[in-house]
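# Examination of the molecular architecture
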Amino acid sequence: MTKPAAVKRHLPTSPFAVRDIPAPEDFAVGDQVTHDMYGLGRVIGIEDGSAALVDFGSTQKRIPSPYAKMTKL
């Protein structure tokens, strides 16, 4: 079982700006996606929101959440 990514808290006295962390996209089986490294693919499985199994034609990859390099088409 993998742990969810830890969220770094912002200290009120920090001189650095607060960054908004976008919520991870929700993918469903059958969604067409594009990945920065693997290209076009189709979601063929979901692991309880922690990862997506994607078929990219020549290969199948498990893409862990928060899906930073993958977007829904």
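This text gives an overview of the structure that appears in the document. (Residues numbered from 1 in each chain as written. Predicted model: local features only at pLDDT ≥ 70, side-chain atom pairs only at ≥ 80, totals over all residues. Heavy atoms only, no water.)

Quick look at the side chain of Asp31 now. Its place among the elements puts Asp31 in the segment before strand S1 (32–35). The exposure class of Asp31 is buried, given its relative accessible area of 17%. Residues within four places of Asp31 in sequence aside, it is in contact with Asp26, Gly41, Arg42, Val43 and Lys72. (Helix = DSSP H or I, 4+ residues; strand = E, 2+ residues; numbered from the N terminus. Buried < 20%, exposed > 50% of the residue type's maximum accessible area, 1.4 Å probe, protein only. Contact = heavy atoms within 4.5 Å.)

Taken as a whole and assessed by the stated rule, the structure comprises 2 salt bridges. Residue Asp31 is joined to Lys72 by a salt bridge in which the shortest nitrogen-to-oxygen separation is 3.6 Å. Of this pair, Asp31 sits in the segment before S1 while Lys72 sits in strand S5 (residues 70–72), and the two are 41 residues apart along the sequence. Here Glu47 and Arg62 are joined by a salt bridge, their closest N and O atoms 3.0 Å apart. (Salt bridge = Lys/Arg side-chain N within 4 Å of Asp/Glu carboxyl O.)

As a further point, take the pairing of S1. The alternating pattern of S1 places Val33 and His35 on a buried face, while none of Gln32 and Thr34, on the opposite face, is buried. Examined bridge by bridge, S1 and S5 share 3 bridges and lie antiparallel to one another. Of the residues in S5, the one forming a bridge with Thr34 is Thr71. (Pairing = 2+ DSSP bridges.)

Take the pairing of strand S3 (residues 51–55) next. Pairing between strand S2 (residues 39–47) and S3: 5 bridges, direction antiparallel. Residue pairing across strands places Ile46 opposite Ala52, the latter belonging to S3. Hairpin connection, S2 to S3: the antiparallel pair is bridged by 3 residues, and Asp48 has positive phi, about 45 degrees. Relative to strand S4 (residues 60–64), S3 runs antiparallel, the two sharing 5 bridges. The residue bridging Val54 from the neighbouring strand is Lys61, located in S4. In textbook terms, the turn of a hairpin is the stretch between consecutive antiparallel strands, and for S3 and S4 this stretch comprises 4 residues, one of which, Gly57, has a positive phi near 90 degrees.

One pass over the full model with this rule turns up 2 aromatic pairs. For the ring pair Phe27 and Tyr67, a centre distance of 4.9 Å and an interplane angle of 85 degrees mean the geometry is edge-to-face. Within this pair, whereas Phe27 is found in the segment before S1, its partner Tyr67 is found in the loop between S4 and S5, the two being separated by 40 residues in sequence. By the burial criterion, Phe27 is buried, and Tyr67 matches it. (Phe/Tyr/Trp six-rings, centres within 6.5 Å; stacked < 30°, edge-to-face > 60°.)

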